[in-house]
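Reading the structure
Read off the chains here:
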Amino acid sequence: MIDFQPDRYRWQQIADVLRTRITDGTYPPKHLISEVQLMQEFGVARGTIRKSMKCLRDEGLIYTVPNLGSFVAPPEHEKDPEPEATRD
């Protein structure tokens, strides 16, 4: 567990930790992020973890596949480029 700061929401602080793990490579692209493991690690409820995950999803750092879980998104430069419109 971490020592939570009393002046910020816990979900924000957890999102900060996860963001750092993603950007420093601790969680590589396509790494499964387990809500249950995070609940145990941080000692918080699932709803708190889900708020953190939503924040990271909104930032494009993770993506969620229904019935499979949440995964670290590949870096922007590795994503498939948008198809260009063809002109006739």
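Look up: the structure comes first, before these words.
Predicted model, so just to flag it, every value in this text is computed and none were measured.

**Some remarks on the overall build of the chain**
- Within the chain, the secondary structure is distributed over three helices and three strands.
- Its helices and strands taken in sequence order, the chain reads α-β-α-α-β-β from the N to the C terminus.
- By residue count, 27% of the 88 residues in the chain fall in the buried class.
- Put simply, 51% of the contacts in the chain that link residues at least 6 apart link residues at least 24 apart.
- With the model as given, the accessible surface of the chain reaches about 6500 Å², and the carbon-plus-sulfur share is 51%.

**Some thoughts on the pattern of salt bridges**
- Considering all chains together, one arrives at seven salt bridges under this definition.
- Here R19 and E59 are joined by a salt bridge, their closest N and O atoms 2.8 Å apart. In this pair, R19 is assigned in helix 1 (residues 10-23) and E59 in the loop between helix 3 (46-58) and strand 2 (62-65), connecting sequence segments 40 residues apart.
- The partly exposed category is assigned to E59, whose relative accessible area is 41%.
- A single network of salt bridges, built from pairs that share partners, joins R8, D16, R19 and E59.

How each quantity is defined
- Residues numbered from 1 in each chain as written.
- Predicted model: local features only at pLDDT ≥ 70, side-chain atom pairs only at ≥ 80, totals over all residues.
- Heavy atoms only, no water.
- Helix = DSSP H or I, 4+ residues; strand = E, 2+ residues; numbered from the N terminus.
- Buried < 20%, exposed > 50% of the residue type's maximum accessible area, 1.4 Å probe, protein only.
- Contact = heavy atoms within 4.5 Å.
- Areas by Shrake-Rupley, 256 points an atom, 1.4 Å probe, with all protein chains shown as cover.
- Salt bridge = Lys/Arg side-chain N within 4 Å of Asp/Glu carboxyl O.

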